[in-house]
Amino acid sequence: MRRVGPPVVRLLDDDVESIRYSLASHLLYSVGKDPVNATARDWFMAAAYTVRDRVSERWMPTLNRYYDQDQKRVYYMSMEFLIGRTLSNAMISLGIYDQVKTAIEEMNLDFDEIVGWEVEAALGNGGLGRLAACLLDSMASLDVAGFGYGIRYDYGMFTQHVEHGWQVESPENWLRYGNPWEFPRPGVIYPVRFGGRVVHYKDVLGQTRAQWMDTEEVMAMAYDVPVPGYGGKTVNHLRLWSAKSTREFDLKYFNAGNYIEAVRDKNESETLSKVLYPSDITSRGKELRFKQEYFFVAASIQDILARFRKAHSDWNKLPERVAVQLNDTHPALVVAELMRVLVDEHHLEWNHAWDLTRRSCAYTNHTLLPEALETWPVDMFERILPRHLEIIFRINHEFLQEVRHRHPGDSDLLRRVSLVGEDGERRVRMAHLAVVGSHKVNGVAAIHTGLMKSTIFSDFEHLSPGKINNKTNGVTPRRWVLAANPGLSKLITEAVGEGWVTHLDRLKGLEKLADDKDFHARFAAVKRANKQHLAQVIGQRLGVDVSVDSLFDVQIKRIHEYKRQLLNVLHVVTRYARIRANPTVDVVPRTVIIGGKAAPGYILAKLIIKLINDVADVVNNDPLVGDKLKVVFVPNYNVSTAELVMPAAELSEQISTAGTEASGTGNMKMSMNGALTIGTWDGANVEICEEVGEDNMFLFGLTAQEVARRRIDGYDPQIAINANDELKRALDMIGSGYFSPDQTDRYRSLVEALTNGDTYLLTADYPLYIAAQERVDALYRDPDEWTRKAILNVARMGKFSSDRTVAEYARDIWGVATNN
Ligand code: 26W
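First things first, this report covers the structure right here in the doc. Keep in mind the model is a prediction, meaning the values are calculated, not measured.

Two measures define how a pair of helices packs: the angle their axes make with one another and the distance between the axes. Across the interface, helix α22 (residues 565-581) lies against helix α29 (residues 725-736) with an axial gap of 9 Å and an inter-helix angle of 100°. On the basis of their axis angle, the class for α22 and α29 is roughly perpendicular. In this structure, α22 uses Val569, Leu570, Val573, Thr574, Tyr576, Ala577 and Arg578 to contact α29, whose residues at the interface are Glu726, Leu727, Arg729, Ala730, Leu731, Met733 and Ile734. Of the residues contributing to the contact of α22 with α29, the split by class is 10 nonpolar, 1 polar and 3 charged.

Quick look at the structure:
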């Protein structure tokens, strides 16, 4: 048992004077500069250390409290954590924002400039990674003992540049200047093994056992990033693993006198945590990716079990004390690894181990797109993780046995639910492993969960009714409203008190102000100021002059065919053609803002970016158009850009083909910041509509059922195109090179994909989308009515706090209490 240490002492005060003292001492003692030669970045580091000290003082007591109370731990396992910047957020969580800001300003420094020097932690692709970060914030804010496990990539999400309209990627060396938020833990280091072979033998008791041997080893070293909850009572952490070579590895070569070989080998084993895979669409059997997945799973399981064993000797307590949440299938190897450790290393009986494993694990699915579902070739699996493959085969054998028993003679069912796909090359289906190895499986919005049950997991739904459940996503109001939109936050607090920050349903109190003239004016002024700020940045950085009087129409998210940025472009081109045809007509001025990264290998997505920029070039420079229409592609869309754009958005574009977007979370962020949504009946849009009311949104288009129907019947885009002159015209303009005079056939393939096949049914939804856009224009002409609806959006978004999401996971899946 743990020794009883001295009581925790808080050494640091939070008044301006003490903070100024901390800043000055950190500048000198930690950064090694004095105010005379310090750069803004040096001051950022000093500020970060100043805040970090105060985080640490609250962190250790949290860990001790969990230990003393033997709290059940929740482990959020994710290949991605898209955290963004930390400084302002940590200041807000600790309640020291004003003091730190004042202290910095009293030293004659520019607070915003200093904040701007922080390189964001972009250890994620998009929605899935950002959700992980929001859930960590909420777990800490609700006093849940929730910890993240992930990978400390040397290179996170690439930086996107736009050159001649094309996306160009460059590596983001985010650790170059050091990361003030991480604590290296050289003492927390575990071996992770790969390859080798499995030997089966009988032990002294005559039990058959497996030994995995002749493996190669890499070490996983921990780095801890504290996660302060709002109010500062609880500070959890995220533990990220970095690959280090083993010492033996080096010695083997050193002894043979081959120094250079030794160093090369060392480098190779350290590539495991080198880079984040920047594709969130295809899961092509990349061996390194597979190894990354096992690397962080193996290290985390060792760490989790070591912590458990410090307090418990009875394995039966595992599911009572440990909940492991799998963020998509990327960590699904947890199931096999936990089995391996319990059976091979701790000699638990198979059935006993299986019972503990299933009761500890739960799995969240984030996509139905077939190309994003992970499967790994059996051959490769066997080469890299031979013992795990055996374990998976046995899990599969016993699972199929049970299915056979319950459904005799249904061999087709067996083929469908098997953990191993047998059509073509044999592959392990990670989603099936995750489902079978978990006690709960969830989707991330009601419609998505429904589709999981009726499509990809329908057999499992019949086999274990009730196992699949919904947990609609949410976003943290701390980052996405309080920090990103101080103007709106102030207004909300004045109207409903401070409690909304942790009890977002209190926004309901704004409803009664939806018709209040004075509140209208102030609400509209906040939006205008936010637009002004964004317009200024766009002017400065991109040299595009946008009018604050225009409607800010925003689509920010990864570039994907299914998200249909192209549909947005078709609307822009239609609008442009209308203005050209009738230049004197009175139109509602629009600024269409689009941002997002394309996976580097996703040629079509990159072509879409080029198209957006080509269209922007023509439209923005057409004197006939002027302020009536502007198109802006915001380069390098990331968390920091999102924090700038969300508060300035008036129209939120959420226009995926119904049934394809699992949830979406940008939709929530924009609506919470007072944008109206133009969107399809997809993902969380459906539930946003339930909350804010159909009158306060612009929903359009085919439903998921209608989409499925059309696909079955065989959809012919030609019919829709021939029936709509404006659509035909827009496609002709794009396809014939109107926007690409330097290369007139640039978009031929793109237009052909729409005219033959049109997988995502853009042409089917086009007329409905254009009609919805006309309703948008009409409403914008009535500013009071627009503002009223915007206020109602904010007022009714309480459900979409990630606090609500975490509370539901805690109650239905993890079995832990929340403090709210
Ligand atoms: C193996 C490659 C890969 C990597 C990541 C495939 C798929 C992914 C993710 C599942 C993609 C993703 O980010 N999905 C998004 O998850 C969000 C959080 O639940 C949802 O809001 C989005 O709708 C969903 O697209």
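Next comes the rest of the account.
It is worth spelling out the packing of helix α12 (residues 350-360) against helix α14 (residues 386-406) at this point. One can describe the packing of α12 onto α14 by two numbers: an axis separation of 13 Å at closest approach and a directional angle of 90°. With respect to α14, the axis of α12 lies roughly perpendicular. Along its contact with α12, which presents Trp350, Asn351 and Trp354, the element α14 presents Ile391, Arg394, Ile395 and Glu398. When grouped by side-chain class, the residues that make up the contact of α12 with α14 number 4 nonpolar, 1 polar and 2 charged.

Turning next to the packing of aromatic side chains. On inspection of all chains with the given rule, the structure shows 23 aromatic pairs. Ring plane angle 40° and centroid distance 5.6 Å describe the contact between Tyr75 and Tyr149, whose orientation is recorded as tilted. Highlighted residues: Tyr75 in strand β1 (residues 73-77) and Tyr149 in strand β4 (residues 146-151), separated in sequence by 74 residues. Its relative accessible area of 1% is what places Tyr149 among the buried residues. Clustering of aromatic rings is evident, with ring pairs tying together Tyr66, Tyr75, Phe147, Tyr149, Tyr190 and Trp241. When the ring centre of Phe552 is taken as reference, the NZ or CZ atom of Lys531 above it lies at 4.9 Å. When the ring centre of Phe158 is taken as reference, the NZ or CZ atom of Lys597 above it lies at 5.5 Å.

The next thing to look at is the pairing of β4. For β4, the buried fraction is high: 6 of the 6 residues fall into the buried class. Side-chain alternation along β4 places Gly146, Gly148 and Gly150 on one buried face and Phe147, Tyr149 and Ile151 on a second face that is also buried. Where β1 lies against β4, 4 bridges are found, and the strand directions are parallel. Paired with Val74 across the bridge in β4 is Gly146. Judged from the 4 bridges that link them, β4 and strand β11 (residues 235-245) form a sheet pairing that is parallel. Bridging across to β11, Tyr149 finds its partner in Arg239.

What counts and what doesn't
- Residues numbered from 1 in each chain as written.
- Predicted model: local features only at pLDDT ≥ 70, side-chain atom pairs only at ≥ 80, totals over all residues.
- Heavy atoms only, no water.
- Axes fitted to C-alpha atoms, helices over the stretch in contact; angles between N-to-C directions.
- Helix = DSSP H or I, 4+ residues; strand = E, 2+ residues; numbered from the N terminus.
- Parallel < 35°, antiparallel > 145°, perpendicular 65-115°, else oblique.
- Contact = heavy atoms within 4.5 Å.
- Nonpolar A, V, L, I, M, F, W, Y, C, P; charged D, E, K, R; others polar.
- Phe/Tyr/Trp six-rings, centres within 6.5 Å; stacked < 30°, edge-to-face > 60°.
- Buried < 20%, exposed > 50% of the residue type's maximum accessible area, 1.4 Å probe, protein only.
- Lys NZ or Arg CZ within 6 Å of the ring centre and 35° of its normal.
- Pairing = 2+ DSSP bridges.

Purely geometric numbers; function is a separate question.
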